[in-house]
Amino acid sequence: MSAVSLSGAPVAKEVRAQVADNVARLASEGIVPALAVVVATDNESTHWYVRSIAKSAAKAGVDCRIIDLGPTASSAQLQATLTQLSEDPQTHGIILQTPLPDGVQVDELVPHIAPDKDIDGANPLSLGRLAVGLPAFAPATARAVVEMLVHHAVPVEGHHVAVVGRSAVVGKPLLHLLLERNASITVCHSRSRPLEDYTRAASVVVVAAGRPGLVTDRHVAPGAVVVDVGTNVLEDGALVGDVDAQSVEQVASALSPVPGGVGTITTALLLLHTSVAARAAVEAKGPLVSSGTVGSHG
Ligand code: NAP
């Protein structure tokens, strides 16, 4: 078997079309959705990523402000900035970019992002709301996986999905997003042994572990669909996922590539969430988007 490639490009295109629609409707009411990205590092790849968000925002008609506090910013400074942005009626979406300065804990900062502006689902309140089925913004990466599955017509309702990784950014929100879509989910982690006993029982395997080559053909049931969230830069500069694509392609029915898969969709979703936050601010009432996909909400 040679797996079909689950490309992220058409999914991102569909999300961008929804952003364009939302932005046009807001523009007709004199509103420009505004995103603030808070940065406190001199890490060049972070700055490159943030500039790429700003470029995509400009193309989409979303105002994007980069607030660079520098690599020596204190926790208090960062907290004050996030609080001020949360209270600023001209700001609709807020992202706190990692890495942070030495000694500054992300957990101390994210509660200062107002949940209605938390467009990358970083505040624990957002995850808590998702967990109990209340409207909230999911982290863009977790939602990108769902958009990928929906766009490529991969059924999850009534199916067993194995998620490898239990971070607050991917694995945990994905558990709730997939539960809402009536999947049965197994969340695996570094103590799930042997990993293949869990993953081989699933018809969809989502891998978000940050371990290049972790999932091979022996972890995948014949005909299963595999979504690779991993983004790992090797010593030679190559960007690879967590899946050993060469072997998995031989058993899976479909596999998302890295690069060109899930990562392609996330920036478009950040802009979509910003436009939804702007709409909610205009109406001064919910509901915010939770697990809806571009086809159904947005
Ligand atoms: P993380 O916070 O480091 O979490 C990794 C998870 O994988 C943990 O739950 C860990 O288990 C689990 N894990 C590690 N080794 C494992 C093993 N051998 N077997 C089973 N599970 C294992 O990472 P993250 O932030 O979720 O990111 C995961 C990957 O997704 C990374 O490659 C990251 O770069 C990528 N990512 C991509 C995007 C994007 O495309 N835009 C965004 C975010 C993340 P324990 O909990 O037991 O330690």
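Residues numbered from 1 in each chain as written. Predicted model: local features only at pLDDT ≥ 70, side-chain atom pairs only at ≥ 80, totals over all residues. Heavy atoms only, no water.

Comments concerning the packing of helix 5 (residues 124-131) against helix 7 (residues 171-180)
Two quantities define a packed helix pair, namely the angle between the helix axes and the distance between the axes.
Here's step 1: Interaxial distance between helix 5 and helix 7 falls to 9 Å at its minimum, and their mutual angle equals 30°. Regarding the angle of helix 5 to helix 7, the classification is roughly parallel. Crossing geometry of helix 5 relative to helix 7 is assigned as left-handed. Facing Leu127, Leu130 and Ala131 of helix 5, the residues of helix 7 in contact are Lys172, Pro173, His176 and Leu177.
Here's step 2: Split by residue class, the contact of helix 5 with helix 7 holds five nonpolar, one polar and one charged. (Axes fitted to C-alpha atoms, helices over the stretch in contact; angles between N-to-C directions. Helix = DSSP H or I, 4+ residues; strand = E, 2+ residues; numbered from the N terminus. Parallel < 35°, antiparallel > 145°, perpendicular 65-115°, else oblique. Left-handed = near helix turned anticlockwise from the far one by under 90°. Contact = heavy atoms within 4.5 Å. Nonpolar A, V, L, I, M, F, W, Y, C, P; charged D, E, K, R; others polar.)

What about the site of the ligand?
Here's step 1: Taken together, 19 residues are adjacent to the ligand, and Thr141, Arg166, Ser167, Ser190 and Thr231 come closest.
Here's step 2: Asparagine 232 places a polar side-chain atom, nitrogen or oxygen, 3.4 Å from an oxygen atom of the ligand.
Here's step 3: Contact with the protein chains hides 69% of the accessible area of the ligand, taken as 930 Å² for the molecule alone.
Here's step 4: Partitioning the shell around the ligand into residue classes produces six nonpolar, 11 polar and two charged. (Near = heavy atom within 4 Å. Polar contact = N/O pair within 3.5 Å; in protein donor to acceptor, adjacent residues only side chain to side chain. Areas by Shrake-Rupley, 256 points an atom, 1.4 Å probe, with all protein chains shown as cover.)

Section: the sheet that holds strand 5 (residues 160-164)
Here's step 1: Sheet architecture is open: six strands sit in the order 1-11-8-7-5-6, paired in parallel fashion. Both outer strands of the open sheet, strand 1 (4-5) and strand 6 (184-188), are each paired with one neighbouring strand and no more.
Here's step 2: Pairing analysis gives four bridges linking strand 7 (residues 204-207) to strand 8 (residues 225-228), with the strands arranged parallel. Paired with valine 204 across the strands is valine 225, a residue of strand 8. (Pairing = 2+ DSSP bridges.)

Observations concerning the environment of proline 89
Here's step 1: Following the sequence through the fold, proline 89 ends up in the loop between helix 3 (75-87) and strand 4 (93-96).
Here's step 2: Along the primary structure proline 89 and histidine 47 are separated by 42 residues, whereas in three dimensions their C-alpha atoms are 26 Å apart.

Considerations on the domain arrangement of the protein chain
Here's step 1: In terms of domain boundaries, the protein chain breaks down into domain 1 (25-114) and domain 2 (139-262).
Here's step 2: Taking the mean C-alpha position of each, domain 1 and domain 2 sit 29 Å from one another. (Domains from an automatic or database assignment.)

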